[in-house]
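Coordinate inspection notes
Residue-level listing of the chains:
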Amino acid sequence: MIPHFFKDIITRLEQGIYPHIIILAHMVLGTALVYTSPRSNLAFLVLITSFFTLYYFKTDRRFKLIVGAVLTLFIFPVVGVRNIFYLEVIFQISVFAALALGLNIVVGFAGLLDLGYVAFYAVGAYLWAFFGSQQFYVLPFAPGTQPSNLPFLLPGDAFYLFMFIAILIAAITGILLGTPVLRLRGDYLAIVTLGFGEVIRVLANNLDKPLNFTNGPQGITPIQRPTMPLAAVDGFNALFGGLVGHDVSPADMYNVMFYLLALGVIIVIVFVTRRLDDSKIGRAWTAIREDETAAIAMGVPLVRMKLAAFAVGASFAGVMGVLLAGSRTFISPESFSFMQSIGVLSMVILGGSGSIPGVILGAATVTILNLQVLQGLSLYLSQLRQSDAVIPIINFAWANLSNQLDPAKYQRLLFGLILILMMIFRPEGLIPSQRRKRELAHDEDDNGK
Amino acid sequence: MALLETTNVVKKFGGLIAVNRVSFQLDAGRIISIIGPNGAGKTTFFNTLTGIYHPEEGRIIFNGKSLHKLRPDQIASRGISRTFQNIRLFGNMSVIENILVGMHVHLKQSPIDTLFHLPFFKKEEKESERKALELMTYVGLKGVGNELARNLPYGGQRRLEIARALAAAPLMLLLDEPAAGMNPQETEDIIRLFRRIRDEKGITILLIEHDMRVVMNISEWICVMDHGEKIAEGTPQEIRSDSRVIEAYLGRGAVAGQHEEKIA
Amino acid sequence: MKRFLKSINIPELIRPLGQLVFFSLGTTIVLSAIVLVFALILDRTVVGQTLFERLNVSLFTYTLINLPQVAIDGLTIGFVYAAIALGYTMVYGVLEFINFAHSEIFAVGAFVGVEILIALDRFGILAGASLVMAYVYLILAIVGGMLAAGGLAVAVERVAYRPLRHASRLVPLISAIGVSFLLQDAIRLVESLTTGQFNRIFPTFGNFDRRVILGKMALGTTNITLGVSIKSIIVIVSAVLMLVALNYLVNATKVGKAIRAVAQDHPTASLMGIDVNRIISLTFLVGGMLGGAAGVLYALKFTRIDAFVGFFPGLKAFTAAVLGGIGNMTGALLGGIVLGMLETYAGSYMGVFTMGAAGTEYKDIFAFSILILVLIFRPQGLMGANVAQKA
């Protein structure tokens, strides 16, 4: 399809020093654009797509790591505190990337369609919401009737401990929920996990009596933030204050910290996922996905392996739940709806189930579509409504457009479209997963016969 | 002592009796065939041996221990390995990974070893990779370790399935129509491979086969099934002249090309 | 005329009626008995005392007074579930695939029916309608809902499922989830562009809200009134008519034979000269029409609908289909009735029996628990369809 002329250029660009130059140029260009016009969505897109360039072009590992670290640890925080909306976008991308990577283990590797994944997210979130707030002392009071001077149960330091406790609790929840149902065939399992997701949400909504565990639909607030060393704010200001242009408040610094925490979790997940994928456990998961009957005949214990996938996936969601509770300081059942589960699923499907870079790309794309494109459309529509513009042929004045039409609220449409289109046209996702190529010393003999 | 001994095994599906009181003995180190017309219950019998189905009645003793109520993976770890009538490879995994899955029951690496790539993990992975390559060579697959299994030609997929089954280092190998769809040359090669597996590795082989050239060529003992029952048993010479066998085949043998009962 | 009458297969008309009556009565009797036994036991405990202090009535009497109403409510919603469940079960029977979007097909049917009535109401037609015309308009709305839902179901199958028919099992399911989400927002989009309202209310007309008093019974100092709203009667009667018609279509006509043949085996059916694609479309059409009608009936009964109205009834109807034995039509009827009754009984009495600790709000969980229990202990369902062998 591509004319030879371009093909030649592309092949040449993929060789020698060029990839390094392209990657750096893209990164610098994006940074400069965002730096000069901090409100432009387009500039931000240019910056964030430099990750794609970094992934696409082949360079040496060390170069990639360094550029990736500069982007995530230096450029994003600085750009983020200059425009706090970007930081929110980056933070949400990280959170959803982590969730999608967790779900990817269940859906992508083991081939188990889990439609209630946010249940584990909720478990983590409510775990810290309960222990990191006044809720323990609210237990005897109906929602809204508690005295106002109740103390917090645990100090902010405990947050970090609870990130680890959440791994355990969420994994246990996963095993408890999974044990009775993992024997089921795939499509039944999907519906049952959906049911579990709803059960957890309904419980969160209603466990405000007889004892008030969850404060019902109103949710729990305030929730303790983790302690942040004061030196962090001063240090950041001393190092980057000049670049940012103003002194960063501790509140903004919190957001940077949560972003970095999420990033840390992602790194751990990627590490764990890759190690597991390339071992007995990962091979068993893939075998189960490919053919259950053959897998069990080869001695792979189905239920135990599926439980392991469920537990590992759940534990990551649990950690992210604690992180969410700490960063938002407010948790309500609404954050854990079926739609959230499908949102995470659409990220996995869009990017490519089983593929780590794919899933991260999927999470970034869906989040940006969600936060920037849909909301941008909303903004644009409301501007149109206030203008006296008219759609030419049908002679429809924008001012008459229903106020109820708010594209930002059409996430279901977005998720639905992604799922349908991907299934029909590209079920393997944008970046399909690839099996590792092994260096097989004895295997070269008559290659290419 | 017999390696495998079944006593009055019965398997029913609703009203249909697929396997009816089959008693059967198999000594270690032999090559034995089960033959019979389509729908005779051969594959169902295989599936009861490997735990995919649980028989309603009867006993199955393997290597001195009962296989009663064991799951397929537990039976696999007791030393029974199998191939499938309609090849069931892990299509999107590489050839070498397919074989490594076959070694699952023998790998001792723990999650901790795996996560931190402790020396034991590295050693075990390297060792199993070496064994897998050996097995590839053994069954006649070379230079395709990184290919996806589904991209192999038909004959290669059959061989890979055998290599995967051998990777479990079984005591007994169950082969479900291993020569189906092969040309005469390939068939001859694969017969030679089975002999070598038995002679060199000492693995007992039990196979279902329709191709009488294969059956008569390789079997030391033949067991004939029809309508779920064992109707005859003997050496190839005896079976060739058994009137009940001829009747079973000529009576219904004309109905060719029908699908066998499928598993799961 | 005579020949036409002769060609009707009378037993196939009577058999499902008999089944429906049997299932309804059976479930009512069993559940009522269970509830009453519970009430008797709990009457002596703190539960009974608390109730007595509050309402000055024993728990047993309280339970008994409410029973007839609960039974009729349960039956009404049970028939709605049964009508939706048939859509799941027919599609599953033919394609072995959970049509996740069926709940939105149901919602679209409800919306189209309600919008027709709202339009009629806006022109003042409903307000002055005679009783006969009121029923004509209601039937018009139901038929409108059926046609829209049936057409949509066929279109969805054509666009989103047919290209995936030979893919692995989860692929069409994921696509169906996508369709379900897409349709929810499509309903919202259309509503917000045209009416600007997300909640639509079933207009009040005719005599549907009246209650027919069937009888009174004195029980000590209190009176039990056995009454049923006309709405419920309409829902039950229409559902029964549809179920009987469907049963006739599938079991006593040539088309029905073709549907059953396709359900058994696609390649063989097509060798026999059956156009498999057409039969699958037809299955979606019929299932969709049933769902659409159920949607309008649901709106009639519960009055208020929004774009997400299909989600819970859809899930519960799926539960009903599994409970009865998915792929089995009689099973879907039984499952729908049992589930609707169970849920209504639980919703009505759990609050009283647990002294308010867990009540109606757990009604939805209740259905899921049943789904999970059935799948674990009796995956073939109550009627034991032949799914296990097909899988």
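These notes cover the structure that comes with them.

Definitions and cut-offs
- Residues numbered from 1 in each chain as written.
- Chains lettered and ligands numbered in written order.
- Predicted model: local features only at pLDDT ≥ 70, side-chain atom pairs only at ≥ 80, totals over all residues.
- Heavy atoms only, no water.
- Buried < 20%, exposed > 50% of the residue type's maximum accessible area, 1.4 Å probe, protein only.
- Helix = DSSP H or I, 4+ residues; strand = E, 2+ residues; numbered from the N terminus.
- Pairing = 2+ DSSP bridges.
- Right-handed = clockwise from strand over helix to strand, strands pointing away.
- Contact = heavy atoms within 4.5 Å.
- Expected span 1.5 Å × (residues − 1).
- Bend = angle between axes of the 7 residues up to and from the residue.
- Axes fitted to C-alpha atoms, helices over the stretch in contact; angles between N-to-C directions.
- Parallel < 35°, antiparallel > 145°, perpendicular 65-115°, else oblique.
- Nonpolar A, V, L, I, M, F, W, Y, C, P; charged D, E, K, R; others polar.

A separate point is the pairing of strand β7 (residues 172-176) of chain B. Residues and elements named next belong to chain B. Burial analysis of β7 places five of its five residues in the buried class, which makes it a mostly covered element. By the alternation rule, side chains of β7 split into M172, L174 and D176 and L173 and L175, which are all buried. In the sheet, strand β6 (residues 80-82) pairs with β7 via three bridges, with the strands oriented parallel. Of the residues in β7, the one forming a bridge with R82 is L174. Where β7 lies against strand β8 (residues 204-208), five bridges are found, and the strand directions are parallel. Residue pairing in the sheet places L173 in a bridge with I205 of β8. Where the polypeptide runs from β7 across helix α7 (residues 184-201) and back to β8, its parallel neighbour, the crossover connection is right-handed.

Residues and elements named next belong to chain B. Assignment of secondary structure puts G36 in the loop between β3 (31-35) and α1 (42-49). The spacing of G36 and V245 is 209 residues in sequence and 8.2 Å in space, taken between C-alpha atoms. Apart from residues no more than four positions distant in its own chain, G36 is found in contact with K42, H210, M225 and Y249.

Across the junction of T221(A) and P222(A), the peptide omega takes the value -5°, indicating a cis bond. Residue placement: P222(A) occurs in the loop between α10 (186-206) and α11 (230-244). Phi angles above zero are rare outside glycine, and N8(B) is one such case at about 50°. Its place among the elements puts N8(B) in strand β1 (residues 2-13). Look at T303(C): it is not a glycine, yet its phi comes out positive at around 70°. Summarising the element assignment, T303(C) is placed in the loop between α11 (276-302) and β4 (304-305). According to the relative accessible area criterion, T303(C) is partly exposed, its value standing at 25%.

Further remarks concern the pairing of strand β10 (residues 229-234) of chain B. Along any regular strand, the residues point their side chains to alternate faces of the sheet. Residue and element names in this part refer to chain B. Pairing geometry for strand β9 (residues 221-226) and β10, over five bridges, is antiparallel. Within the sheet, the bridge partner assigned to D226 lies in β10 and is E229. A loop of two residues connects β9 with β10, the two strands running antiparallel in sequence, and H227 in this loop sits at a positive phi of about 50°.

All names here are of chain A. Over its 22 residues, helix α5 (residues 61-82) extends 31 Å from the first C-alpha to the last, a length consistent with the 32 Å expected when each residue adds 1.5 Å. The largest bend in α5 comes to about 35°, at I75, with the proline P77 one to four residues further on. Along α5, the residues classified as buried are F63, V67, G68, L71, T72, I75, F76, P77, V78, V79, G80 and V81. Structurally, α5 contributes buried residues whose contacts are with α2 (18-36), α3 (41-48), α4 (50-56), α6 (84-109), α11 and α12 (250-277).

Further remarks concern the sheet that holds strand β4 (residues 57-62) of chain B. All names here are of chain B. The four strands lie next to each other as β2-β1-β4-β5, forming an open sheet whose pairing is antiparallel. Each edge of the sheet is formed by a strand with only one pairing partner; in this case those strands are β2 (16-27) and β5 (65-66). Taken together, the five bridges between β1 and β4 define a ladder with antiparallel strand orientation. Within β4, the residue paired with E5 across the bridge is I61. Docked against the sheet, α1 engages β1, β2 and β4, running at close to 115° with respect to β1.

Residue and element names in this part refer to chain A. Between α5 and α6, the shortest axis-to-axis distance is 5 Å and the interhelical angle comes to 135°. Accordingly, the angle class assigned to the pair α5 and α6 is oblique. Mapping the contact onto sequence places F76, V79, G80, V81 and R82 in α5 and I84, Y86, L87 and I90 in α6. Here the residues of the contact of α5 with α6 sort into seven nonpolar, one polar and one charged.

Bear in mind that shape data such as this cannot, by itself, settle questions of function.
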